[in-house]
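Here is how the chains run, residue by residue.
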Amino acid sequence: MPERRLLRPGEQDREPRWPGKDRLPGLIAFIISQVAVFFLMFQLYKMARKTFIQRAETVAFGHAVDVLHLEDRLGLGFELDLQRWVLRQPEWVIHVFNNIYAYYMYGFYACMVVAMFFATERWRYLRRWFFISMAIATPLYAIYPLAPPRFMQPYGWNFVDTLAVYGPNYFSENGLVTANRLAAMPSMHVGWTTLAAISLAVCLPWRKTGIAIAILLTVAISLTVIVTGNHYWLDGVAGWVVIGIAALVNWALPYPLPVRWPWGKAERASPAAGHRAELGHDSLSRS
């Protein structure tokens, strides 16, 4: 008989485990409910950005000039040259980037759904990471309103608004909650795509496949936000800083939280949740 060995915490999560027929309906219902929660949170996030950033019109363009000058001083003001190079390629290339930008949220949902499917308990810990990052990011737009590159033509930087020129019309006024167009820093397109990609990588049972997909998604969105004229590269770095700080906060908090609910019962960790705490504070840091 082959020798048996003890598994490290979380190692068993790397073995592909398909839900049985008795578990599948509940898992599907859970996934649908979580997607609904994410959708609601995104609408509240957009509403907060739109409602509470009152001074953006007066300072956002000055901040944008400061950012562009800073990048030039660093010798890294490459966004305009990169966009011009892409626009010299066949037109389908910019259409690919535009569609990545316009529909990135579907990619976010897809990553999270797959992560939920393969590692539900591990994913609950990662979900808290997302909520913390949203809480950190939202007030930053009020603190530092920033006009995106596509608005900077009057100031001498001739970026093209590629979504307006080539489509699709991402910044329509017909959405449930319209976006604040002067909230470029941090780029949570970059931050949350990276967060979703990492979640996918640590939840998929096929480690190398998960890592490869995570790298591909992160590189694609980082290029996309620059090429389309919607963000400076510093915005993407700020998005990574936000999710990095959120990861540290999440790690520092106990899992699960020792919350006493109104009906008087303290939250107790089930065996699965207890195992999940190990995953969150041990094996995730070593994966």
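The structure presented is a predicted model; accordingly, all values stated were derived computationally and were not measured. Here the residue numbers are simple positions, counted from 1 along each chain's written sequence. Under the rules for a predicted model, residues below a pLDDT of 70 receive no local features and side-chain atom pairs below 80 are neither given nor counted, while totals for whole chains, interfaces and linings still include all residues. Side-chain metrics rest on all non-hydrogen atoms present in the structure, leaving aside hydrogens and water.

A closer look at the overall build of the chain
Okay, step 1: Think of it this way: any DSSP run of H or I at least four residues long counts as a helix, any run of E at least two long counts as a strand, and we number them from the N terminus. Of regular secondary structure, the chain possesses eleven helices and zero strands.
Okay, step 2: Secondary structure elements of the chain, listed N to C terminal, follow the sequence α-α-α-α-α-α-α-α-α-α-α.
Okay, step 3: Here's how the labels work: a residue is buried when its accessible area is under 20% of the maximum for its type, exposed when over 50%, partly exposed in between, all with a 1.4 Å probe on protein chains only. Within the chain, the proportion of its 287 residues that are buried is 46%.
Okay, step 4: The contact criterion used throughout is that any non-hydrogen atoms of two residues lie within 4.5 Å. Looking at the chain alone, contacts between residues at least 24 apart form 87% of all its contacts between residues at least 6 apart.
Okay, step 5: Per-residue and other accessible areas follow the Shrake-Rupley method at a 1.4 Å probe size, with only the shown protein chains counted as cover for residues. Of the roughly 15200 Å² of accessible surface on the chain, 66% is carried by carbon and sulfur atoms.

A short note on the confidence of the model for the chain
Okay, step 1: Every residue carries a pLDDT, the predictor's confidence in it, which falls somewhere between 0 and 100. When the pLDDT values of the chain are averaged, the result is 80; 75% of them are 70 or greater.
Okay, step 2: The least confident element of the chain is helix α11 (residues 271-286), whose mean pLDDT is 40; the most confident is helix α3 (residues 79-87), at 97.
Okay, step 3: Of the regions scoring below 50 in pLDDT, residues 1-16 engages in 29 contacts with residues more than four places distant in sequence or in other chains.
Okay, step 4: This model gives residues 263-287 a pLDDT under 50, and the stretch forms 51 contacts once residues within four places in sequence are excluded.

Some thoughts on the packing of aromatic side chains
Okay, step 1: The rule is short: rings of Phe, Tyr and Trp, with Trp giving its six-membered ring, pair when the centres are within 6.5 Å, and they are stacked under 30 degrees, edge-to-face over 60, tilted in between. For the structure on display, the rule yields ten aromatic pairs.
Okay, step 2: A centroid spacing of 6.1 Å and a plane angle of 70 degrees characterise the contact between F108 and Y109, whose relative ring orientation is edge-to-face.
Okay, step 3: Feature note: the residues F108, Y109, F130, F131 and W192 constitute an aromatic cluster, connected by ring pairs.

Some thoughts on unusual backbone geometry
Okay, step 1: Put simply, G167 and P168 share a cis peptide bond, and its omega is 0 degrees.
Okay, step 2: Of note, P168 is situated in the loop between α7 (162-166) and α8 (188-203).
Okay, step 3: The peptide bond linking M185 to P186 adopts the cis configuration, its omega dihedral lying at 0 degrees.
Okay, step 4: When you line up the elements, P186 lands in the loop between α7 and α8.

Observations regarding the nonpolar core
Okay, step 1: Judged by nonpolar contacts, the single largest core of 62 residues is most densely connected at F42, F108, M152 and W192.
Okay, step 2: Elements represented by at least two residues in this core include exactly α1 (24-52), α2 (56-73), α4 (91-102), α5 (104-118), α6 (120-143), α8, α9 (207-227) and α10 (233-252).
Okay, step 3: Of all the elements, α5 adds the most residues to this core, at nine residues.
Okay, step 4: Sequence-distant contacts of W192, defined by excluding residues within four places in its chain, comprise F42, Y45, Y104, F108, F130, S133 and M134.
Okay, step 5: Definition used in this section: a nonpolar core is a set of buried Ala, Val, Leu, Ile, Met, Phe, Trp, Tyr and Cys residues joined via side-chain atoms within 4.5 Å. Formed by five residues, the second largest nonpolar core is a distinct cluster that contains V86, V93, I94 and F97.

Overview of the side chain of T194
Okay, step 1: Examined against the element boundaries, T194 turns out to sit in helix α8.
Okay, step 2: Among the residues examined, T194 registers a relative accessible area of 8% and is labelled buried.
Okay, step 3: Once residues within four sequence positions are removed from consideration, T194 is found in contact with T218, W240 and I243.

Digging into the pattern of salt bridges
Okay, step 1: Salt bridge, as used here, is a side-chain nitrogen of Lys or Arg placed within 4 Å of a carboxyl oxygen of Asp or Glu. Applying the stated criterion across every chain, the model contains two salt bridges.
Okay, step 2: Of the charged contacts in the structure, one is a salt bridge between E121 and R124, with a shortest N-O distance of 3.2 Å. Of the two residues, E121 and R124 are both situated in helix α6; the distance of three residues between them amounts to about one turn of the helix.
Okay, step 3: Of the residues examined, E121 reaches a relative accessible area of 24% and is grouped as partly exposed.
Okay, step 4: D161 is paired through a salt bridge with R150; the nearest N and O atoms lie 3.3 Å apart. Of this pair, D161 sits in the loop between α6 and α7 while R150 sits in the loop between α6 and α7, placing them eleven residues apart in sequence. Per residue, the accessibility class of D161 equals that of R150, and both read buried.

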